[in-house]
Amino acid sequence: MKKYKFKIVTVMLAGIILSSSCKKELNIENPNSPTLAQASTETGLVSLAAGSIYVNGFVNGNTWLGTSFFSLEYGYDELLADDVASPDANQNVNVVNLPASVIFTDGTPTVNVNPTSQAANLRVNNTRATKSQNMFYYEWNSMYQLNNAANQILALAGTVPLSGDAATKRATLKAWAYWWKGYAYARIGSIYYSGIINNAVGVTNPNYVLSAAIIAESNNNLAAASAQLSSISNTATYTTLMAQLLPSFVQTGHGGVPTPAAFIRNINTLEARNLLANTRTSALTAANWQTIITLATAGIQASDNVFTMRTTNLNGLIGATSGSVALNTSGPPQNSTFQIQERLVQDFKSGDQRFAKNFTADTTINQVGGYTFSSRWELLNAALTPRPAINSIQYADNTPGNQEIYIAGSYEENALTLAEAYINTGQVEQGLALIDAVRVYQQAGLATVAGTGLTTAQALEELRKERRIALLFRGTAFYDARRWGVIYDISKGGGRTGCVVLTPDGVLHQNVTINYNFMDYWDVPADEFVLNPPASGSAPIKNPNY
C-alpha cells in the first residue's frame, strides 16, 4: 500500500500561530518533524506548499464529525439546503436546520418547529466554551488556516533559491498560493457577514470588513493567480511542479494536473460563483448576468482537470468511510450520520438514472430531530450496494480511492451557471441545451428539454432541480437556496411550497409549505472576536438582520 507523506504547518484562525505537528489520527507518516526552517530549500518549500494547503485547509480542526472539511462544513451546507438531516446532537447537526414552521394545506394544523429562531439557537453556542457545538467556528477556522498557509508560501516563494527555470517555478508557486487564497476568501465571504483581510505572515489585524469586501479580495487573489499562469510558457516545468503540489492520490479522475489554460478556467468559474452566490437572484442586473456569461463562457470545460480530494485508507488525508458528507449519508439511514430528505428526492425527474443508481426505499422515522426530518429513502453506498448496470454518476463509495470530492468548481457547475445566465437573459434554448449537456455528462438518461417549447419559468425550474441534483454534496447547495430566497421567512418572500413531508407519525404529506427562516450570513465566531476584538470602524461582527 502506498504511503502518502505531507509536511504539516498548523495555522490557527485569522491571527497566525505557526507550529509543527503531526496528526497521528490521520496516519500521516513523516519521519522528519516539519518546520518552517525546512522550507529554506526548494524541496522543503514544495513540500510545505503541498502539505500545508491540504492539511491546514481541509483536515486540521475537522475531525469532530467525519474526518475532513468535506464531511462537516459540506455537511452544514447540505443540512441548510434541506438535502439531508440528522438525529445526532454532535456539532448541533440536529438543530442547525430546524425550520421555523411547517404549514399544511390538508387541514393539519401548522406546526411551529422552531418557536424561537435559528439565529437564536445558533448564537447560544457562539462562545469559546461551546466551540464544538458552534457552527460558526469550523469554516472560519479552516479557511483562515488555508489563507495563512498560502501567505507563508507567497513569502517564501520570493526568497528561496529555485533550480532550473526558476521564473516558471516561482510563477507556479505564486499561482498556487494566490488560487488558494482566492478560494479561502470566497468561502469566508460567501458565508460570514464580515471577515478579516489578512495577507501578511505572523501578524493579524482587528479590522473586520463586510462580506462584499472579502469577496472582492477573493477576486483580487484569483486575478493575481491568473496573471501568474498567463506568464508561463514552459509548460513542462509547470506540469512537473504541479504534480508535486497536488497529492498523488488525487491525480486521477478529474483531479489530474490542469494545464495553465485549464487552471485559468477554474479561476473564471470560481469568480462567476462569487458573483452568483452572493447576490439575490432577483437583484442581479443585466450587467451582472453578462459578467457571469463572460466568466462562465471562459470557465471549466468538460475535459478540464479540476481541484478534487479523494479518500484513502492509509497515510492519506481523509478517511474512506467518513471523509465526506456523501459517505456520512450513505447506507442504512438508521446507522448513518445524515439521512436523505424528501425535498431532495422530489426534485428528481421520473426515469433519472442518477436516482436509480443511488437511492432505494428505506423509511426512517426521525423522532429526535426536526418535524420534517423523517424520510423514506436511503443513499446507497457503491461498496455495499453496487449497481454496475446503471452508468450514471455515483454519489457515495467508501471503497478507498473511489470517492471523488470537488473542492471548487466543476464542469457541471460552470455549465449550469452559464445556463442560468442564458435563461435569465432571454436565451432560453441555449440555457436548456446546457442543462441537457450536464445530464448527458452525468448519464442521467433523461429526454432532452431543449426544443420542447418551455417557458422561461419552466426552464428556470429545470435549472433549479438540476443544480440540486447535479451538484449534490459539492458545497454550493446553501448558496443556491439563499440566493433563490428559499431560506428566508415567508413574510419576506422565502420558504418553499409544494413540499413532500413525512411527519413523525408516519403520514406522508404532498403539498406542504416549509418556512425555513435561516440566517443568510453567519456571525463571526467567538474564537476570533474574543481573542481579536474589532477595531473602531470595523464592520459588524454579528449579522444585524437577525
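Here is a short report on the structure shown in this document. This one's a predicted model, so the numbers in the text were calculated from it and none came from an experiment.

## Description of the packing of aromatic side chains
Step number 1: Taken as a whole and judged by the stated rule, the model has 33 aromatic pairs.
Step number 2: Consider the rings of phenylalanine 348 and phenylalanine 359, whose centres lie 5.4 Å apart with planes at 65 degrees: the pair is edge-to-face. Linking phenylalanine 348 in the loop between helix H11 (342-345) and helix H12 (353-358) with phenylalanine 359 in strand E9 (residues 359-364), this pair joins segments that are eleven residues apart in sequence.
Step number 3: Of the residues examined, phenylalanine 359 reaches a relative accessible area of 3% and is grouped as buried.
Step number 4: Chaining the aromatic ring pairs together yields one cluster made of Tyr54, Phe58, Phe69, Phe70, Tyr74, Trp176, Trp179, Trp180, Tyr183, Phe263 and Phe307.
Step number 5: Taking NZ or CZ as reference, arginine 474 lies 4.0 Å from the ring centre of tyrosine 406, over its face.

## Some remarks on the sheet that holds strand E4 (residues 101-103)
Step number 1: If you walk across this open sheet you meet the three strands as E4-E13-E12, and the pairing is antiparallel. Only two strands of the sheet have a single neighbouring strand rather than two, namely E4 and strand E12 (496-502). Averaged over all pairs of adjacent strands, the angle between strand axes in this sheet comes to 50 degrees, irrespective of strand direction.

## So, helix H2 (residues 69-80)
Step number 1: With twelve residues, H2 should cover 16 Å at 1.5 Å per step; its first-to-last C-alpha distance of 16 Å lies within 8% of that length.
Step number 2: Of all twelve residues making up H2, twelve are buried, and the element is well covered by its neighbours.
Step number 3: Every buried residue belonging to H2 is among Phe69, Phe70, Ser71, Leu72, Glu73, Tyr74, Gly75, Tyr76, Asp77, Glu78, Leu79 and Leu80, and all of these are buried.
Step number 4: Residue serine 68 occupies the N-cap position of H2, its side-chain oxygen lying 2.9 Å from the main-chain nitrogen of phenylalanine 70.

## Let's talk about the pairing of E12
Step number 1: Extensive coverage of E12 is indicated by the burial of five of its seven residues.
Step number 2: Looking at chain direction, E12 and strand E13 (residues 508-515) are connected through four bridges and run antiparallel. Looking at the pairing, cysteine 499 lines up with valine 512 of E13.
Step number 3: Linkage of E12 to E13, two consecutive antiparallel strands, is achieved through a turn of five residues, within which glycine 506 is found at a positive phi near 85 degrees.

## Some remarks on the packing of helix H14 (residues 428-441) against helix H15 (residues 456-470)
Step number 1: Relative orientation of the contacting elements H14 and H15 amounts to 25 degrees, with a least axis distance of 10 Å. Classed by the angle they form, the pair H14 and H15 counts as roughly parallel. Where H14 crosses over H15, the handedness of that crossing is left-handed. Where H14 approaches H15, its residues Val428, Leu432, Ile435, Val438 and Arg439 are matched on the opposing element by Thr456, Ala459, Glu462, Leu463, Glu466 and Ala470.
Step number 2: Of the residues assigned to the contact of H14 with H15, the class counts are seven nonpolar, one polar and three charged.

## Observations concerning the environment of tryptophan 176
Step number 1: Tracing the sequence through the fold places tryptophan 176 in helix H5 (residues 166-189).
Step number 2: Owing to a relative accessible area of 0%, tryptophan 176 belongs among the buried residues under this scheme.
Step number 3: In this structure the C-alpha to C-alpha distance between tryptophan 176 and serine 226, which are 50 residues apart in sequence, comes to 9.9 Å.
Step number 4: Ignoring anything within four residues of it in the chain, the contact list for tryptophan 176 reads Ala49, Ile53, Tyr54, Ile153, Met242, Leu245, Leu246 and Phe307.
Step number 5: Within the structure, tryptophan 176 has its side chain in polar contact with the backbone oxygen of alanine 49 (distance 2.9 Å).

## Some details on the nonpolar core
Step number 1: The biggest cluster of nonpolar side chains holds 115 residues, and the ones touching the most others in it are Tyr54, Phe58, Trp176, Trp179, Trp180, Tyr183 and Met309.
Step number 2: Tallying contributions element by element places helix H4 (residues 135-157) first for this core, with 14 residues.
Step number 3: Among all residues touching tryptophan 180, those that are not within four sequence positions of it are Ile53, Tyr54, Phe58, Leu146, Phe307 and Ile407.
Step number 4: Membership of the second largest hydrophobic core comes to 27 residues, among which are Val306, Tyr411, Ala421 and Ala470.

Here is what the cut-offs are and how they apply
- Residues numbered from 1 in each chain as written.
- Predicted model: local features only at pLDDT ≥ 70, side-chain atom pairs only at ≥ 80, totals over all residues.
- Heavy atoms only, no water.
- Phe/Tyr/Trp six-rings, centres within 6.5 Å; stacked < 30°, edge-to-face > 60°.
- Helix = DSSP H or I, 4+ residues; strand = E, 2+ residues; numbered from the N terminus.
- Buried < 20%, exposed > 50% of the residue type's maximum accessible area, 1.4 Å probe, protein only.
- Lys NZ or Arg CZ within 6 Å of the ring centre and 35° of its normal.
- Pairing = 2+ DSSP bridges.
- Axes fitted to C-alpha atoms, helices over the stretch in contact; angles between N-to-C directions.
- Expected span 1.5 Å × (residues − 1).
- Polar contact = N/O pair within 3.5 Å; in protein donor to acceptor, adjacent residues only side chain to side chain.
- Parallel < 35°, antiparallel > 145°, perpendicular 65-115°, else oblique.
- Left-handed = near helix turned anticlockwise from the far one by under 90°.
- Contact = heavy atoms within 4.5 Å.
- Nonpolar A, V, L, I, M, F, W, Y, C, P; charged D, E, K, R; others polar.
- Core = buried A, V, L, I, M, F, W, Y, C linked by side-chain atoms within 4.5 Å.

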